[in-house]
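For reference, the chains in residue letters:
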Amino acid sequence: MDIGISCPRRIQNTKVSPPAMADDEKPEQIDQLLATPQLAGALDSEHFRRFLDQAPIALVASDMRGQERIVYANPEFEKISGQSPGELEGQQWSALHGRMVESDVALGEAIVGGSDYLGCFSIGPPGAEPAIIDIYANIIEDDDGAAIFRLASFAPNRAALESEREALASQLRDKDMALKEIQHRVRNNLQMIAALIRYEARIAGDSAARDPFDKIAGRIEALQLLYRSMADDELGQEVDLGSYLSQIASHVMRAHAREGITLDLKVDAYPVSVNVAMPTGLVVNELMTNALKYAFAKRESGTISLQFHVDASGCRIEIADDGQGLPDGVEWPRPGKLSELIVRSLRQNAGAQMLVESKPGEGLRVIIIFTRRAASVEADASQAAAD
């Protein structure tokens with residue numbers, strides 16, 4: 001199988017020792033292992049061997065005193081090769097499966113004939129996808145300089161790891177493109193649905209008959225703007241709430257244009273999770289639509305104010321008008337209505353607090369407050385894990 005990995009040719013034959021690899025190129029775990037004091041004596045220790053059993057790299061050792069034989073292989077080596085420690089102990093290095101990628105040198109021959117970095121090898125259980133592994137071999141000497149152990153260590157090939165990372169990155173890019181395409185289609189479908197509802201509203205007749213159509217269309221258009229804002233974020237997880245609220249405000253003012261009614265808009269740029277932006281946008285859409293339709297019914301002019309500010313304490317949204325206020329006995333949101341469900345969603349998703357103030361002849365003001373932490377994508381992930 002061609003996986004596009006370039007391996008340096010370190011071994012020409014079993015008689016030639018390859019040049020040493022630079023210390024900063026050698027995996028850190030191998031450097032630490034070779035730097036272990038009294039490593040030669042440690043390999044004779046059953047306690048130390050149990051420690052090697054937990055090592056994150058594959059290791060095989062042979063005893064060179066007398067006829068050289070393998071005396072140790074750790075579980076990590078069994079994972080990559082399929083050869084168990086019991087199967088290898090007492091065997092020569094030729095018992096190891098695997099061959100060099102570029103020169104087809106057998107793994108056992110390479111270990112016996114070389115030292116330090118040997119090259120990259122293809123290793124794996126029979127019938128399984130082989131792994132590409134960098135191999136290192138070192139001679140362990142006693143205090144008198146006599147060779148007593150040979151230690152072979154096996155580390156994931158850097159080029160193979162880079163290839164896997166590139167493949168994963170490519171998959172993520174493909175999924176991101178697919179997600180953006182889905183968002184684009186949803187946005188277009190919402191636009192078409194809203195246009196159909198607006199058409200039905202125009203032919204419905206009087207104002208009372210048109211009102212339900214207008215509310216539904218406004219909510220759908222707010223969602224359409226959300227999907228447009230999501231497309232601006234690379235991961236589609238965050239929305240600039242200030243920009244999103246500005247788009248909703250402008251859209252509502254155009255959809256329900258009334259001469260003499262002005263918009264006072266002041267917003268900060270701040271990213272929030274989609275699950276916070278959605279109910280927030282729907283609440284703003286609802287309040288501004290109601291203000292344009294009802295707050296100035298007996299007036300020729302008026303002002304709607306939308307402000308969103310962020311500071312160290314959190315996020316504060318204020319939607320207000322200087323119209324006639326709510327009628328006596330009427331509250332917002334009305335219990336049992338969709339607006340109440342939207343407000344409940346905002347409270348649940350952002351832990352939002354809401355203050356509603358209304359006085360006859362002085363207008364309506366709604367203040368929404370939530371913490372920066374509650375508005376973050378991380379808070380969404382934590383909530384999802386808890387659920």
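Residues numbered from 1 in each chain as written. Predicted model: local features only at pLDDT ≥ 70, side-chain atom pairs only at ≥ 80, totals over all residues. Heavy atoms only, no water.

Trainee: What's the story with the sheet that holds strand 5 (residues 131-141) in this structure? I'm lost.
Mentor: Taken in spatial order, the six strands make up an open sheet running 2-1-6-5-4-3, and their pairing is antiparallel. Across the chains shown, the open sheet's two edge strands, defined by having one partner strand only, are strand 2 (69-73) and strand 3 (99-100). Here strand 1 (residues 58-63) pairs with strand 6 (residues 147-156) via six bridges, running antiparallel. Following the sheet pairing, Ser62 is matched in strand 6 by Arg150. (Pairing = 2+ DSSP bridges. Helix = DSSP H or I, 4+ residues; strand = E, 2+ residues; numbered from the N terminus.)

Trainee: Would you mind going over the packing of aromatic side chains with me for this structure?
Mentor: Within a pair of aromatic rings, the relevant descriptors are the distance that separates the centres and the angle that separates the planes. Going through the model one piece at a time under the given rule, you end up with two aromatic pairs. Ring centres of Phe77 and Phe154 lie 4.9 Å apart, and the angle between their planes is 50°; this geometry places the pair in the tilted category. Of this pair, Phe77 sits in helix 4 (residues 75-81) while Phe154 sits in strand 6, and the two are 77 residues apart along the sequence. With relative accessibility at 2%, the residue Phe154 sits in the buried group. Relative to Tyr136, the ring of Tyr117 has its centre 5.4 Å away and its plane inclined at 50°; by these criteria the two rings are tilted. Of the two residues, Tyr117 is situated in strand 4 (residues 116-123) and Tyr136 in strand 5; the sequence distance between them amounts to 19 residues. When its relative accessible area of 2% is taken as the criterion, Tyr117 is described as buried. (Phe/Tyr/Trp six-rings, centres within 6.5 Å; stacked < 30°, edge-to-face > 60°. Buried < 20%, exposed > 50% of the residue type's maximum accessible area, 1.4 Å probe, protein only.)

Trainee: Looking at this structure, how should I read the environment of Met253?
Mentor: Relative to the helices and strands, Met253 is located in helix 9 (residues 241-255). The class for Met253 is buried, based on a relative accessible area of 16%. For the pair Met253 and Met288, spaced 35 residues apart in the sequence, the C-alpha separation amounts to 8.2 Å. Non-local contacts of Met253, meaning those with residues more than four positions away in its chain, are made with Ile261, Thr262, Leu263, Met288, Leu292 and Ile304. (Contact = heavy atoms within 4.5 Å.)

Trainee: Before we go on, may I ask you to explain unusual backbone geometry in this structure?
Mentor: Most of the time, phi is negative for any residue but glycine, and the peptide bond is trans. A cis amide bond links Trp332 with the next residue in sequence, Pro333, at an omega value of 0°. Relative to the helices and strands, Pro333 resides in the loop between strand 11 (314-321) and helix 11 (338-350).

Trainee: How do you make sense of the pattern of salt bridges when you look at a structure like this?
Mentor: Side chains that differ in sign of charge can pair as their charged atoms come close. Using the criterion set out here, one finds eight salt bridges in the structure. Between Glu76 and Lys79 there is a salt bridge, and its shortest N-O distance comes to 3.6 Å. Taken together, the residues Glu76 and Lys79, both in helix 4 and three residues apart, mark about one turn of the helix. Overall, Glu76 belongs to the partly exposed group, its relative accessible area being 23%. On the basis of relative accessible area, Lys79 is assigned to the exposed category, the value being 62%. The partner of Arg299 in a salt bridge is Asp322, with the nearest N and O atoms 3.8 Å apart. Here Arg299 is found in the loop between helix 10 (274-295) and strand 10 (302-311), whereas its partner Asp322 is found in the loop between strand 11 and helix 11, with 23 residues between them in sequence. By relative accessible area, Arg299 is classed as partly exposed at 33%. On the basis of relative accessibility, which here comes to 30%, the residue Asp322 falls in the partly exposed class. Salt bridges here are not isolated pairs; linked through shared partners, they connect Arg316, Glu318, Glu357 and Arg365. (Salt bridge = Lys/Arg side-chain N within 4 Å of Asp/Glu carboxyl O.)

Trainee: What's the story with helix 9 in this structure? I'm lost.
Mentor: Note on helix geometry: an α-helix contains 3.6 residues per turn, so any two residues three or four positions apart are oriented the same way. For helix 9, built from 15 residues, the straight-helix expectation of 21 Å at 1.5 Å per residue is met to within 8% by its first-to-last C-alpha distance of 21 Å. Where helix 9 begins, the capping side chain belongs to Asp240, and its oxygen is found 3.1 Å from the backbone nitrogen of Gly242. (Expected span 1.5 Å × (residues − 1). Polar contact = N/O pair within 3.5 Å; in protein donor to acceptor, adjacent residues only side chain to side chain.)

Trainee: Got a minute to help me understand the packing of helix 10 against helix 11 in this structure?
Mentor: The angle between the axes and the distance between the axes are what describe a pair of packed helices. Interhelical geometry of helix 10 versus helix 11 gives an angle of 145° and a closest axis separation of 9 Å. The handedness of the crossing between helix 10 and helix 11 is left-handed. Contacts between helix 10 and helix 11 involve Asn275, Val276, Pro279, Thr280, Leu282, Val283 and Glu286 from the first element and Ser339, Ile342, Val343, Ser345, Leu346, Asn349 and Ala350 from the second. Residue classes in the contact of helix 10 with helix 11 are distributed as eight nonpolar, five polar and one charged. (Axes fitted to C-alpha atoms, helices over the stretch in contact; angles between N-to-C directions. Left-handed = near helix turned anticlockwise from the far one by under 90°. Nonpolar A, V, L, I, M, F, W, Y, C, P; charged D, E, K, R; others polar.)

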